[in-house]
Each structure stands twice: as structure tokens, then as C-alpha cells.
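Read off the chains here:
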Amino acid sequence: MEVIVMDFSICDSELNIMNIVWEEGGTRAVVIAHRLREEIGWSLNTTYTVIKKCVQKGYLERIEPGYYCKPLISKDEMQKSETRLLIRRLFNNNAMDFANSFFENVPLSDEEKSTFIQKMKENDLLAELNFDNIPNVKNIDPQYMEMSKQFDPENKYSVPYTWGTVGILYNTKLIEEKGLPVPTKWSDLWNPAYKGEILMQDSVRDAFMVALKKDGFSANSTDETELQQAKQDLIDQKPLIQAYVIDQVRDKMIGGEAAIGVIYSGEIMYIQDEVAAQNLPFSLEYVIPEEGTNVWLDSWVVPKNAKNKENAEKWINFLCRPDVAVKNFEYITYATPNKAAKEMLDEEIQNNKAVFPDAKQLKNCEVYRYLGDEADELYNSLWKEVKSD
């Protein structure tokens, strides 16, 4: 028996949109944007971005012309949805219990997200997977199983889910207007001609990775001399920076507010769709710098204290089914490591080198490793100097 689940778990930003649509019984996007600008200070781009998400999730119907938004689900349906209960039953004993115990016993900073699995394993919080329950793991490209060995050496505890890189997003029109070459290296982020036009990631590991790779060092360096040099480079770069941001890179670049920004590759398809949908007078392109970058993997794991371990493994198996992986990719737009799923995608998407870079582009790339508490303290201390100088 196959169960199709519609997820009605709405997030706060989507609820802001839906509350207005429910109140109006349907209204134009411009009315929503005006109200949210007045009420909570949202930009036009932010409103239209969240509206698109509501449409994708099936909450709203977007009717052209005039961009009229009609509700497809009522507030009562949203509140009484049995789906939320179903999801809670499925994951409560696994994910929630695990999350609570993990964060109580193993404090995790935002900067350790990229080394999450390694740290969980080192704290004996992961169950060894029974791959008899995950036969669809055969669909995962072997290169990503090999990549996983950076944090799961024997491939016993995790199954790759999505992957990508950190690179440079640039505005072709602004680059041309300034008479500058297309950025190809991390060192281009130190070009004085870009003063006030650069968006950097507000993240210890990502910021230091940029500087370390620029200088020819490993993104996993624990050498204090190398890290001191990277710190000074970041301090020297500060007068050129417009802002240190994370998720805002996407919206700022779509809004034409900066020429270049450091961003995750999974955002590029959404960004280019938005540029086209809004008929913007520029294009935004993504490049993996020549010096190399971080290549990351998000993976599925099962906590050691899981009460429904077999069901959790069957869930992972379901997600590894090619047709399911395709639907997932089409929604989140982050690259799938599922080889069978990739082969089902449109040829244009398969050949999109921003989403699916080739081996040559990944030549100098590295997976982040958990470097230990002592190294973490050093990185964090140096980052404080960068941000406070």
C-alpha cells in the first residue's frame, strides 16, 4: 500500500501570507505585499518569494493576470489536519526524542552544522543502519558514499540525501557596468573595485574557508599560523563588504542590491527562476572558485535511542526511491546524490554545472570535518576578532 502525505505544517512566514488571504477570501499579491510592508517591514521580494512557496505547497492558487491569490486550503483544514498527527506519530519517538537528548547533552553551535554527523557519532548517539531495510541505497551514486567516509568512515551510520558546494553568485549586469572580469577565484572578493558590493557568509567555517582556500590552505586547517593569516585577510576585506549575511544573500542578489555574494549552490535554480519570473533586467550566475571550496553532504541518520528504528530505515528507503527523490529535488532544488533520480531529470537540469558540477570543478574541493573542541575554540576566537575589529 502506498500512502501519499500532504504536509500542512505551515511555517511562520507562510502563515503571515495565509492569514491575509484567509481574511480577504482571496486578494492580489500587491495588496499582500503592501500590508506586510506596513505591518512587519517585509520587502516586495520577500513577500513574492513566500507567496511562491505557498503556491508550491498547495496552499494558494496564483491566478494571472493581476497575480490574484486564492486560498486552496481553509484555516480550519490547516488546524485540524490529520497529516500533522501522522507525521508526529511517525517521527516522535525518533527525531524529537533524539533532538531533545542531543541538544541537552551535546551543545551544537550554528558553526558545527556541517560536521553534525561526525559529532553525533563521536558522542555515541547514532544507530548502525541495517541496510537490509534500505535496498534503495543502491540508487545512491558511489562517489557520494565515498564522500560520506569523511565523517562516516565505514558508511555504517548515514545515507546521503542532498549535496552541493559553496561558491560565488554574481550579477552579470553590475559586473559589466563596472568593467570587471567575471569572478573565477576567491581572491576576486578582495578586489577594491567591488567595495560595497560584496555579500559574505556570516559563518565561521564558511568565511574562514574562503580565506584559507584563497591562500592555498586546507578548508580544514588547524594550523594556527594559517588561521592567523586567514583572519588578517578577512579583517583586510571588511572595508569592501556590504554585509555579512546568510539566507539574505539570495533575496539581496535577486533585488539587485549587490554585485557578488557567497552562497550555497542549491539556491541557484530558485534564484534563476525568480529572475525569469520577475523579468529582471539582469542575470545571476554561479561559479565554483578555482582554488576549490567546501563540498557538503546532508545525510539521513537514525538516533541510537530510536524506538522505531526499522520504520525509520524504511522511511530512508522510501526517500531513496528514484521517483520520490525526483519530486524532492524539484521542490527543494538542492542536488540529489541519487544517480537513478538524476537520470530521470530533464537533460538541461542534468547538465546545469552550478547544480551538478563535474569532477574538474570539484578537483580542489573538500568536505568539512569536525576539527575538535580545541580547534573550534580557536576558530571562534579568531572570528570574534574579525567581527569586532
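Located above this text is the structure these notes cover.
An account of the accompanying structure is given in this report. Nothing here was measured: the structure is a model prediction, and the numbers come from that model.

**Considering empty space enclosed by the protein**
Here the structure, examined in full by the defined rule, presents 2 cavities of 30 Å³ or more. Of the voids in this model, the largest cavity is the one considered here, and its volume is about 120 Å³. Lining the largest cavity are 15 residues, and of these Tyr161, Leu319, Ala325, Asn328 and Thr336 sit closest to its centre. Within the residue set of the lining of the largest cavity, elements represented by two or more residues are β4 (159–171) and α14 (322–332). Tallying contributions element by element places α14 first for the lining of the largest cavity, with 4 residues.

**A few points about helix α2 (residues 29–40)**
End to end, α2 covers 16 Å across 12 residues, agreeing with the expected 16 Å (1.5 Å per residue, within 8%). Restricting attention to buried positions, one finds in α2 the residues Ala29, Ile32, Ala33, Arg35 and Leu36. Along the axis of α2, the buried residues cluster in a sector spanning 170°; they form a single face. Of the residues flanking the end of α2, it is Gly41, one or two places downstream, whose phi is positive at about 75°.

**Considerations on a negative patch on the surface**
A grouping of Glu122, Asp373, Glu374 and Glu377 is seen on the molecular surface, where their side chains present a negatively charged patch. For the negative patch, the leading source of residues is helix α17 (residues 373–388), giving 3 residues. Mapping Glu377 onto the fold places it in helix α17. Classification of Glu377 as exposed rests on a relative accessible area of 57%.

**A short note on the pairing of β4**
Burial analysis of β4 places 12 of its 13 residues in the buried class, which makes it a mostly covered element. Direction of pairing for β4 relative to strand β9 (residues 295–300): antiparallel, over a ladder of 6 bridges. Bridge pairing in β9 places Thr162 opposite Asp298. Judged from the 5 bridges that link them, β4 and strand β7 (residues 260–264) form a sheet pairing that is antiparallel. Residue pairing in the sheet places Tyr170 in a bridge with Ile260 of β7.

**Describing the nonpolar core**
By size, the foremost hydrophobic cluster in this structure holds 53 residues, and its most contacted members are Val159, Trp163, Leu169 and Leu284. With 5 residues, helix α12 (residues 268–277) is the largest single contributor of residues to this core. When sequence neighbours within four positions are dropped, the list of residues in contact with Leu169 reads Met253, Ala259, Ile260, Gly261, Ile263, Ile268, Ile271, Leu284, Glu285 and Tyr286. Among the nonpolar cores identified, the runner-up in size contains 42 residues, and Tyr194, Met200, Tyr244 and Ala375 belong to it.

Rules and cut-offs
Residues numbered from 1 in each chain as written. Predicted model: local features only at pLDDT ≥ 70, side-chain atom pairs only at ≥ 80, totals over all residues. Heavy atoms only, no water. 1 Å grid on protein atoms, 1.4 Å probe; cavity = no way out; pocket = protein on both sides within 12 Å on 5 of 7 lines; lining within 4 Å. Points joined across faces, edges and corners; volume = space filled by probe spheres on them. Helix = DSSP H or I, 4+ residues; strand = E, 2+ residues; numbered from the N terminus. Expected span 1.5 Å × (residues − 1). Buried < 20%, exposed > 50% of the residue type's maximum accessible area, 1.4 Å probe, protein only. Arc of directions from axis to C-beta. Patch = residues over 30% accessible without salt bridge, like charges linked within 9 Å, V, L, I, M, F, W, Y side chains within 5 Å. Areas by Shrake-Rupley, 256 points an atom, 1.4 Å probe, with all protein chains shown as cover. Salt bridge = Lys/Arg side-chain N within 4 Å of Asp/Glu carboxyl O. Lys, Arg positive; Asp, Glu negative; His and termini not counted. Charge placed at Lys NZ, Arg CZ, Asp CG, Glu CD. Pairing = 2+ DSSP bridges. Core = buried A, V, L, I, M, F, W, Y, C linked by side-chain atoms within 4.5 Å. Contact = heavy atoms within 4.5 Å.

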